[in-house]
Amino acid sequence: MTTFDRGGDTRSRILAAARQLFAERGYAATSLADIAARVGLTKTAVAYHFHPKDTLAAELIAPAADDLLALLGGDFGADPRHFIEPLTDFVVRHRAVIRLLMEDIGGADDAPPGSPGETIRAFRDEIYARLAGPSPGSAARIRAWAVMGSLQSAVVKTTDLPQETVRGPLLAAALAVHDAALAGDQGR
């Protein structure tokens with residue numbers, strides 16, 4: 001086993017292994033020793049590059065956060081349907097990160113100020129607002145949560161599949177959820 005390597009290749013391999021293990025097992029169930037074993041390094045070597053484990057997670061999350069800010073900064077018009085495709089592209093591209101954040105997403109409503117959960121809640125609420133629209137009624141609220149739930153559940157359970165396999169069916173499903181809820185609202 002290698003103990004120390006200051007090269008960027010080692011960092012990249014550690015990040016790739018961590019992304020994969022976090023997606024498979026979750027953040028809490030993955031140790032630095034697990035990551036080291038996957039890469040063929042010692043735990044000390046992994047800790048040299050990423051200690052504590054939170055720094056590794058933060059580095060994995062950063063590109064997704066940048067993409068999310070870009071997504072939320074986009075103008076998709078008033079029709080929430082126009083936002084669903086870029087949102088689907090985002091969640092498919094960042095499935096491993098969403099899997100990593102699942103514990104925090106679940107507790108976002110109760111997260112204290114200044115915590116990562118508060119940030120997740122703010123992003124989640126902005127996505128919801130884009131899908132529900134301004135001053136949403138009951139049907140629009142249900143529709144927005146249903147679309148978000150379908151995307152979240154599906155991407156977490158498909159981290160083992162290639163992006164190109166997941167994207168089309170997931171987009172079709174999210175649009176179908178949106179359209180079915182919309183049709184039900186209009187039929188009343």
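In what follows, the structure referred to is the one given above.
Bear in mind that the values here come from a model prediction, so they are computed numbers and not experimental data.

About the criteria used
- Residues numbered from 1 in each chain as written.
- Predicted model: local features only at pLDDT ≥ 70, side-chain atom pairs only at ≥ 80, totals over all residues.
- Heavy atoms only, no water.
- 1 Å grid on protein atoms, 1.4 Å probe; cavity = no way out; pocket = protein on both sides within 12 Å on 5 of 7 lines; lining within 4 Å.
- Points joined across faces, edges and corners; volume = space filled by probe spheres on them.
- Helix = DSSP H or I, 4+ residues; strand = E, 2+ residues; numbered from the N terminus.
- Nonpolar A, V, L, I, M, F, W, Y, C, P; charged D, E, K, R; others polar.
- Buried < 20%, exposed > 50% of the residue type's maximum accessible area, 1.4 Å probe, protein only.
- Core = buried A, V, L, I, M, F, W, Y, C linked by side-chain atoms within 4.5 Å.
- Contact = heavy atoms within 4.5 Å.
- Expected span 1.5 Å × (residues − 1).
- Salt bridge = Lys/Arg side-chain N within 4 Å of Asp/Glu carboxyl O.

Enquirer: Lay out the layout of surface pockets in plain terms, naming residues and giving numbers.
Expert: Roughly 330 Å³ of internal volume is contained in the second largest pocket. Looking at the second largest pocket, it is lined by 16 residues, and the ones nearest its centre are R19, R93, R95, A96 and V97. Elements with a minimum of two residues in the lining of the second largest pocket: α1 (8-25), α4 (53-72), α5 (81-93) and α6 (95-106). If you tally residues by element for the lining of the second largest pocket, the top one is α1, at five residues. Of the residues contributing to the lining of the second largest pocket, the split by class is seven nonpolar, four polar and five charged.

Enquirer: Quick one: what's the story with the environment of D110, residue by residue and with numbers?
Expert: Tracing the chain through its elements places D110 in the loop between α6 and α7 (116-132). The exposure class of D110 is exposed, given its relative accessible area of 71%. In this structure, the C-alpha to C-alpha distance between D110 and R121, residues eleven residues apart in sequence, is 9.2 Å.

Enquirer: Now, about unusual backbone geometry: what can you tell me, with residues and values included?
Expert: Of note, the amide linkage connecting H51 to P52 takes the cis form, showing an omega dihedral of 0°. Inspection of the secondary structure puts P52 in the loop between α3 (43-49) and α4. The residue S135 is not glycine, and still its phi comes out positive at about 45°. Of note, S135 is situated in the loop between α7 and α8 (138-156).

Enquirer: Now, about the nonpolar core: what can you tell me, with residues and values included?
Expert: Among the nonpolar cores identified, the biggest contains 25 residues, and L87, V91, I127 and L131 are the most heavily contacted of them. Elements supplying a minimum of two residues to this core: α4, α5, α7, α8 and α9 (163-186). In contact with V91, other than residues within four places in its own chain, are I98, L151, V155 and L170. Judged by nonpolar contacts, the second largest core, of 19 residues, contains I14, A18, L56 and L60.

Enquirer: Describe α7, and please don't skip the residues or the numbers.
Expert: The end-to-end C-alpha distance of α7 is 24 Å, a good match for the 24 Å that 17 residues give at a rise of 1.5 Å each. Once α7 ends, the next one or two residues include G133, with phi positive near 85°.

Enquirer: Pulling in residues and values, what's your account of the pattern of salt bridges?
Expert: One pass over the structure, following the stated rule, counts seven salt bridges. In this structure, the salt-bridge partner of E85 is R167, at a minimum N-O distance of 2.6 Å. Residue E85 is found in helix α5, and its partner R167 is found in helix α9; the two are separated by 82 residues along the sequence. With its nearest N and O atoms 2.5 Å apart, the salt bridge here joins D89 to R167. Of the two residues, D89 is situated in helix α5 and R167 in helix α9; the sequence distance between them amounts to 78 residues.

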